[in-house]
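Okay, here's what each chain looks like letter by letter:
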Amino acid sequence: MIKSVKRVGPPLLLLAPSLILVGIFVYGLIAVNFGTSTTDIHTAAQTTGQEPSSNVWFKNYFDLLGNEAFQHSLKNLALYTLLFLGGTLLMGFVWAWLLERPIRGESIFRSIYLFPMAVSFIASGVVWRWLLNSGQDQSATGLNRLFQMVGLDFLQNNWWNNVDYGITAIAIPAIWQLSGYVMALFLAGFRGIPEELREAARMDGTTTWQLYRHVLFPQLSPVALSALIIIGHMSLKSFDLIMSISKPANYQTKVPAIDMYIYKSSFDYANAAAIGSILLVIVAVVVVPYLIRTNRKEK
Amino acid sequence: MRVNRRTSVLVAGAAITALTLTACSGSSNDNGGGSGGSGGGDSSAEVEVFTWWAAGSEKAGLDALVAAFDEQHPDTEFVNGAVAGGAGSAAKDLLQSRLQANDPPDTFQAHAGMELLDYINAGQLEDVSDLYDEFDLREAFPADLVERLTHEGNIYSIPSNIHRANVLWTNPSVLEENGLDPNAAYDSLDDWFADLDALQEAGVTPLSVATAWTQVHLLETILLADLGPDAYNGLWDGTTDWEGAEVTAALEDFEQAMSYTNGDRDGLDWPEATQLVIDGNAAFNVMGDWAVAAFEEQGKEFGTDFTAVPVPGTEGVFDFLADSFTLPVGAPNAGGAHAWLETVASLEGQTAFNAAKGSIPARTDADPADFSEYQQTAIDSFAQDTIVSSLAHGAATPVSTLNAVTDATSKFTSGASNLSTFQSELAAATAAG
């Protein structure tokens, strides 16, 4: 007994501060948030206890999920994530593939592709807000104006102002910004494949396509999965880019994170907390299987 | 040695735990400090004034007010608590957190009227009606206004200025170029729509508008034009039926007005929409009287380069909003706040502030000669017209109602709902508030 305390005690003590801090400020606050989401705190007076609040269990969740506007937000989130994920994976992969064989000036290309990631979403949003201006013909600016100048007038459109799939226009800057990062991931994956494997395949007389298809691509699947998780959870949490291109009150680009912000500033803490929990669950659905998988592999 | 190290780790761990626990218990402190009178100190050595006036004419106004304050109260130091960004939304968010954490500023800026209701219900504001008697404000302010500021017999803020929301800004040369009379007076929305139709056909943007809140601003002026001041006021106290035929007709007019507007509206904010009129790319814009600063800054002459009249159908009505200052419960320097509010209410303070900001004094005893030509016309109307409260600027409804109205409006103007859905969503939004 005393022996095991001696063995486990010091490391446990060393870890204790961070365990306690994480316990309180991450898991404790998640619990508080969940607790708030099961109450009926919808007004300012209830937040300070001037008026009573009571526990309504999952009513907020049912109300939200049954609410047409919130369904619209969820649909927007799904559309956005789909395009953002597909776009970055495709672009990133193609760039990495192009840069995979050492070529002259590779580092310049790498920097150019990776550079947009260094810009914050807010800053790039300000520029893209102008580029994605929905004015057409005489009042066109940004991309619509560019299309006019090169004689592609038919490509003019109202970008993010379409109420059904306008959110996908906001995925364009997001893809622009993170494709370089996915490229870097894939490039590292390509570089991690031992040269011997290529040589062996060539000795066996494969064509270049067969070499990629049967030798190199299969080895990139862990990289692809990491990229999927990283981009996926970023997409689900998207807020800043959408806020800086559109305005929180614009219905066409609403996502749950923006609804949460608006509820919070309306003193409706219960609904804001409920949306927070819903977002946490959605992210968990994406991330947890991945964590389980990597955990198993490490064993 | 080993024992020593272990002990120190233990001590450190315990210290951190203790610190964390105190931090937590601090924030979950009592919530009911509301009724305890002015809980904070009475120090008047300084006053922290929390505003979102950090740039442009607003900053100039605040500076002028501070100069007046320094003259009247040289012993009290002014501490600027201005928070920039997001047309006040960044400041409001921070204010909300500070009030929840029982760390209020000594006084903060808020739109007068129902926007304060949340803070009042939350027990975060002191009743300042006794200051109205102390500073003789009941005589100085119009009775209409004082009535509008009173909530269940108490008054919670002192307005520093008055803005008018129902102003139609016009670029006369655009009208002239398209064969319309630039000096036409429109008695009703229908007269106005006839000219808008003509402009539409000529290929000019007839009416410029910006993002959702400016669309709500337009909606409110059209409701006011169609319903008249009494029925408009009834929308907020429940005596006018939101589902009624009158409101349907007004919403149809709103739909028609929106059909004349620029396609890129949701990407713009009000200065850009006003700029369209200044540059002659649009003929009309409905915006509050703070837009006058945008015209004047660019050297435009009132009467020749631009005109400003009440929105058609709202002649004789003053759709008001006001910035005002409050006394939060538990303000650390209540004495300083008292001094600040005295300056805000004083004739010198109001004159200095409004001459710089472009709004007009709430006091009726101000000398019109101290103000610009446009402001003089506004002062005249404020003294004579029927005063109603603005929806888009927090005077008529609490924040949550305004947010719900804005949501419904954005949904409607982006084409996601039809008129009858819009109407029932508006009814639901105002009923919930």
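Each remark here, short or long, concerns the structure printed above.
Residues numbered from 1 in each chain as written. Chains lettered and ligands numbered in written order. Predicted model: local features only at pLDDT ≥ 70, side-chain atom pairs only at ≥ 80, totals over all residues. Heavy atoms only, no water.

Focus on the overall build of chain A
So, step 1. On a plain count of helices and strands, chain A comes out with 14 helices and zero strands.
So, step 2. For chain A, the N- to C-terminal ordering of α and β elements is α-α-α-α-α-α-α-α-α-α-α-α-α-α.
So, step 3. For chain A, whose C-alpha radius of gyration is 24 Å, the value lies well above the compact-globule estimate of 19 Å for 299 residues.
So, step 4. Seen through its C-alpha atoms, chain A measures out along the principal axes to roughly 80 × 75 × 30 Å.
So, step 5. Burial status across chain A gives 42% buried among its 299 residues.
So, step 6. Restricting the contact set of chain A to residue pairs at least 6 apart, pairs at least 24 apart contribute 69%.
So, step 7. Taken together, the 22 basic and 17 acidic charged side chains of chain A have centroids lying 10 Å from each other. (Helix = DSSP H or I, 4+ residues; strand = E, 2+ residues; numbered from the N terminus. Rg over C-alpha atoms; globule rule 2.2 N^0.38 Å. Buried < 20%, exposed > 50% of the residue type's maximum accessible area, 1.4 Å probe, protein only. Contact = heavy atoms within 4.5 Å. Lys, Arg positive; Asp, Glu negative; His and termini not counted. Charge placed at Lys NZ, Arg CZ, Asp CG, Glu CD.)

Considering the interface of chain A and chain B
So, step 1. Every contact between the two is made by 36 residues of chain A and, on the other side, 42 residues of chain B.
So, step 2. With both chains or domains summed, chain A and chain B bury close to 3300 Å², and 54% of this area falls on carbon and sulfur atoms.
So, step 3. Of all residues in chain A, Leu-13, Thr-48 and Phe-267 of chain A give up the largest surface area on contact with chain B, accounting jointly for 17% of the area buried on that side.
So, step 4. At the junction of chain A and chain B, the tally comes to four salt bridges. (Buried area = accessible area lost by both parts, 1.4 Å probe. Salt bridge = Lys/Arg side-chain N within 4 Å of Asp/Glu carboxyl O.)

Here's the deal with the nonpolar core
So, step 1. Among the nonpolar cores identified, the biggest contains 77 residues, and Phe-141, Ile-158, Ile-162, Trp-169 and Trp-340 of chain B are the most heavily contacted of them.
So, step 2. The element best represented in this core is helix H14 (residues 334–345) of chain B, accounting for six residues.
So, step 3. With 52 residues, the next largest nonpolar core counts Leu-77, Leu-143, Phe-186 and Leu-216 of chain A among its residues. (Core = buried A, V, L, I, M, F, W, Y, C linked by side-chain atoms within 4.5 Å.)

Points about the environment of Ala-308 of chain B
So, step 1. The residue Ala-308 of chain B is located in strand S11 (residues 307–310) in this model.
So, step 2. Among residues more than four places away in sequence, those in contact with Ala-308 of chain B are Val-167, Leu-168, Trp-169, Phe-302 and Tyr-374 of chain B.

Some details on the side chain of Ser-414 of chain B
So, step 1. By the secondary structure assignment, Ser-414 of chain B is in the loop between helix H17 (399–413) and helix H18 (419–432).
So, step 2. Here Ser-414 of chain B falls in the buried class, since its relative accessible area comes to 13%.
So, step 3. A polar atom in the side chain of Ser-414 of chain B sits 3.3 Å from the backbone oxygen of Lys-411 of chain B.
So, step 4. When neighbours within four sequence positions are excluded, Ser-414 of chain B is seen to be in contact with Val-163, Tyr-251 and Gln-252 of chain A. (Polar contact = N/O pair within 3.5 Å; in protein donor to acceptor, adjacent residues only side chain to side chain.)

Things to note about H17 of chain B
All names here are of chain B.
So, step 1. Between its first and last C-alpha, H17 extends 21 Å over 15 residues, near the 21 Å set by a 1.5 Å rise per residue.
So, step 2. Looking at H17, one finds that the buried residues are Thr-401, Leu-402, Val-405, Thr-406, Ala-408, Thr-409, Ser-410, Lys-411, Phe-412 and Thr-413.
So, step 3. Positive backbone phi, at 90°, marks Gly-415, one or two positions downstream of H17. (Expected span 1.5 Å × (residues − 1).)

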